[in-house]
Amino acid sequence: MTDLVAGTRRWPYGIALLAVALVPALLTDNPYYLRLGIQYGAIYAIVLAGLNVLIGGTGQVSLGHVGIFATAAYAGAYVGAAGLPWILTAVAAVTAALAVGLVIGFPALRLRGAYLALTTLAFGLLAIQLISAIPRVLAGAGATATVVDVPRPVLGPIVLTGNRGYYVFCILLAAPMVALARNVFWSQSGRQLQAVRDHEGAASTLGISIVPAKLGAFLFSAALAGLAGALYASFDPLLSPDNFKAEDSITFVIALLVGGLAAPVAGPVLGAAGSIVLVYLGQTYFRSYQALLTALVFLAILAFAPRGLGGLLRRTPLRRLLPGVGETLVQSAAKARATDAPRSPIEASDTGADATAVVAVGLSARENGDTTTVAHPAGTVLVERAPLLEVQDLVKSYGGVRAIDGVDFLVKSGDIHVLMGPNGSGKSTCLDVICGLAAADSGRVFLCGNDLTSMPAHARARAGIARTFQEIRLFPGMTVLENAMLGNPSRYRAWRQLLRTRGVAAEEREHAAEALALLEAWGLGEFASRAASDLSYGQRKMLELARAASRRPRVLLVDEPSAGLNPRWVASMVEALQALRAAGHTLLVVEHHQDVIADLADTVTVLDSGVVIAEGPPAAVQRDPRVVDVYLGPGAARLP
Amino acid sequence: MSDAVQILVQGLTQGIVYALLAMGLAVVFRTSRVLNFAHGETLVVGVFVTYVLATNPLRPLPYPVAALIGIVVGVGVGLVVYLVAVRGSAAVSGAVLAVMIAALVARSQGGWVWFLGLGVAAASLVLLRGRLQEGLSGSIRWVLGTIAMATLLQEGLVAIIGSTGEAVVVPGPFSGLGTLHVFGVVLPGDQLATAACALILVIALDLLESRTRYGRAMKAVAYNPDAAALMGIDVQRVIYGAFGLAAAVAVVAGLLITPLVSPKPTDGPMYTVVALVAALVGGIDRVRSAALGGIVLGVTEVLLREGLSDIAGGRLLPLRDAFVYVILIVVLLVLPRGIFGTRKVERAT
């Protein structure tokens, strides 16, 4: 299986790309062309690689990166002009960029969408204003912020005074930066960023901590903008505040869109190449209409090719000539598997009837100790019938309404515990409060005797709580396989994933193989390479459940598993849940459907108006007069 | 004493300019939850159409006629911005692109091969469109879309009028009025008239929002377009109306402030930013709170200017422009609904 997942070797493409980028230095000594190559090629590629992780990865649109770039360039220039070695220039620039990145990134955590874009825009404008204003404040009205002749880097005996040498230097520096950014997209960290982009709440129930993810992406992009600033500082013989305009932030974003947003390599590389062409065309043929040309390309991309040049290239026969270009290892593994896989019965008739067998086989195989086909053979689950999850006196109000008002119950290990009750009785609120997506006003939540009450959602997820949602929360921007892999966190820290060490790459393959096996066990194997949004409703529900179960949670919260499903899918869902119990999982299920409850539940807790009104085995609860009152109206129990 | 009052009057004058700029943004946001980054350009285009029609030496039109045409053109621009940037209409986007390519060809200096390439690229994009992957989703689309339209409008205007940055010195509607002296405070008549018009505009738009079916429909569409449609509201018409109305308000505002600020073809982004700051400071969900935000911003700015020139021998004066952005950042983070606003801002959950 591992060889299947390994896919195509891709490093020759990288070398070839680097070689192509270096060719201009051999062909020409024309300072104008080399200047274009340095400024709009190498420097842009570095900035775009960072922005791609930020915008393509976490979906945070920054319109203020020119502020970071300019601040970094100035920090570098002042250090360089003081006669210090170039490496210190770079260090100063990156440090300044990280500092500005923190100043922008921290408040930006609280905002998103247009408000984030606007806040970053304001920060960018502010930074540019300050760069030109501060020297005047410090040294009087006549002072300027112009810095001249920042020294170029010195490599041993070679001083990179000419543009040719500096171009080579910049490209050689840009290549590893693009590779780093690509590694982000090829790692579990990258998938986590995209999960945060698609849905923060669902991401946190998978154990993803939102703040480090967003801030990390911001700082990564800031650091790259800082390095680009350092290169720019010692490139331009005359650094003045006029070199930086607020529009440049927007130009960065346009260039990234031209290259292809979230395309790991094509985004920055084709974006930079496109910028060179655009600037050259503009300056050569359109002179004063250069900005018009840029705006036109921007609009054309937005309207007709929102995935940029990278997206267009995916559509060309080039893909067949260069196997594996434009997809991650995981994606090619999924594709390889999908073409190999026997046709699943689900596709033939999307009823789910036969899927049952597949799911049941996969999971009972696991139960019997035949662990090769399931995701987490090592997943030992608690078997003692002790209280596993305990909630005490939970209260949660929304506005003036007490959604739950002092709820207590115990979930025993190995049980399917059903929460039932009429609409608005507080069932889903219970799940939200238990998994930490909503904070309880008072009351406590214990898991295996540990108090989770003060933990945020991602910490509770790591402590062993997983959940599904009534309104399915898959991440539509990712493939089915990538969604499945999100259940399985990486052993490696983010910086090692960034460097993509041998261990990380091996783990990626291993996790992809496991996730493929998981999908096959759940009858979704052949859809591995499809976008999650392509699945049918029932398949999406199954995938969400499979993903949650693959985390090997101590308790799995399942919100309305049968809602919206046709009877045959309901039957598969019931069997899947029973199979999970048989495999040793503990489930807390919110459910309406009486037949489903009768089939599944070991224990039922009935909620009404936020209060527990009955508890016990399903048969007893269904006869309880208070329950009958609630469901059929007062007095119905006494009817003949 | 009269000095202080004079400063206050200056601040109010500045504030009225900002208030006029902010109103249109509020109309659009209230209905569609879109921040129109092309607002300033719509204004500038309308003003320059009026200016050219009213002052061209060949056949100058009377001012009211020119202004009316300017407003109509502005409304057209507003609708195109909506169709291209927010709706993502392929037909309108294609038409805009075709016009722009034609304009570029007409104005370029050689390079025909590249135009051929450009045309082929554009045509293949259009042909490929159906097979492309899904587009950008959420706010990123319209943020970038309205910015793209803003750039197109600005550069288009520069291409036609010239980038010399020639300011409009067209007489405003009230240039004939004299000045009023009240207790030693100078009150120029045209500024008073502008203020009066701004007030009338705010009141009219506020009444439209709160007292008419259309106003309630705007709010309903913003809250939940599907539910609004089920209630019999023609959602698209309401949104068209909001963008058209906002563009008309923008051009009227532009014509009113022209004598005070002399717009240049490249001033669009500045107006957009100032309008965004003013509207967000006040509260962008209602015209009157956005307008109040403009007043607050104007008075603050003038007070700040006076204050900064008094302390430290004026050395802090260069920081004056930076304060606008500081105010915006602080308001967005601390008071995201604005000082006078009510609606929740889109924030992280």
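Position numbers for residues count from 1 along each chain, tracking the sequence in the order it is written. Each chain is given a letter, starting from A, and each ligand a number, starting from 1, according to the order in which they appear as written. Residues qualify for local features only when their pLDDT is at least 70, as the model is predicted, and side-chain atom pairs are given and counted only at 80 or more; totals for whole chains, interfaces and linings, by contrast, use all residues. Heavy atoms from the whole structure form the basis of all side-chain values; hydrogens and water molecules are not counted.

1. Quick look at the confidence of the model for chain A
Residues and elements named next belong to chain A.
Phase 1: The pLDDT averaged across chain A works out to 84; a share of 89% of its residues lies at or above 70.
Phase 2: In predicted models, pLDDT denotes the confidence assigned by the predictor to each residue on a 0 to 100 scale. Residue contacts are defined here by distance: any two heavy atoms, one from each residue, within 4.5 Å place the two residues in contact. Residue range residues 1-6 is modelled with pLDDT below 50. Its contacts to residues more than four positions away, or to other chains, number 15 contacts.
Phase 3: The model gives residues 342-384 a pLDDT under 50, and that stretch makes 71 contacts with residues more than four places away or in other chains.

2. A closer look at the sheet that holds strand β10 (residues 465-467) of chain A
Residues and elements named next belong to chain A.
Phase 1: For two strands to pair, DSSP has to find at least two bridges joining them. Secondary structure elements are taken from DSSP: a helix is a run of H or I of four residues or more, a strand is a run of E of two residues or more, and numbering for both begins at the N terminus. Read across the open sheet, the six strands follow the order β10-β11-β12-β7-β13-β14; overall the sheet is mixed. Edge positions in the sheet fall to β10 and β14 (611-616), since each of these pairs with one other strand and no more. When the angles between neighbouring strand axes are averaged without regard to direction, this sheet yields 20 degrees.
Phase 2: Here four bridges tie strand β7 (residues 416-420) to strand β12 (residues 587-590), and the two strands are oriented parallel to one another. Orientation is described by lines fitted to C-alpha atoms, with helices fitted over the stretch in contact, and by angles between N-to-C directions that extend from 0 to 180 degrees.

3. Here's the deal with the packing of aromatic side chains
Phase 1: Here a Phe, Tyr or Trp ring, Trp counted by its six-membered ring, pairs with any other such ring whose centre lies within 6.5 Å, and the pair is stacked when the planes are under 30 degrees apart, edge-to-face when over 60, and tilted otherwise. Counted under the stated rule, the structure contains 17 aromatic pairs over all chains.
Phase 2: Residues Tyr82 of chain B and Phe243 of chain B carry aromatic rings whose centres are separated by 4.8 Å and whose planes lie at 40 degrees to one another, so their mutual orientation is tilted. Note that Tyr82 of chain B is positioned in helix α3 (residues 63-87) and Phe243 of chain B in helix α10 (residues 235-261), a separation of 161 residues in sequence.
Phase 3: Remark: exposure states derive from per-residue accessible area (1.4 Å probe, protein chains only) relative to the maximum for the residue type, with buried under 20%, exposed over 50%, and partly exposed in between. By relative accessible area, which is 2% here, Phe243 of chain B ends up buried.
Phase 4: One aromatic cluster is present, formed by Tyr40, Tyr44, Phe69, Tyr74, Tyr78, Tyr232, Phe244 and Phe252 of chain A through successive ring pairs.
Phase 5: Stacked on the ring of Trp186 of chain A, the Lys or Arg Arg182 of chain A has its end atom at 4.2 Å from the ring centre.
Phase 6: If you follow Arg467 of chain A out to its NZ or CZ, it ends over the ring of Phe469 of chain A, 4.2 Å from the centre. Either the NZ atom of lysine or the CZ atom of arginine qualifies as a charge over a ring when it sits within 6 Å of the ring centre and within 35 degrees of the ring normal.

4. Considerations on the pairing of strand β8 (residues 442-447) of chain A
Residue and element names in this part refer to chain A.
Phase 1: Note that strand β5 (residues 387-398) and β8 share five bridges and pair antiparallel. Bridging from a neighbouring strand, Gln392 pairs with Arg444 of β8.
Phase 2: Taken together, the two bridges between β8 and strand β9 (residues 450-451) define a ladder with antiparallel strand orientation. Counted as the bridge partner of Phe446 is Asp451 from β9.
Phase 3: What sits between the antiparallel neighbours β8 and β9 is a turn of two residues, in which Cys448 has the positive phi angle 50 degrees.

5. Quick look at unusual backbone geometry
Residue and element names in this part refer to chain A.
Phase 1: The phi dihedral of Arg552 is positive, around 55 degrees, even though this residue is not glycine.
Phase 2: In this structure Arg552 comes out as partly exposed when scored by relative accessible area, which is 36%.
Phase 3: Of note, the phi angle at Ser609 is positive, near 50 degrees, even though the residue is not glycine.
Phase 4: Relative to the helices and strands, Ser609 resides in the loop between β13 (603-608) and β14.

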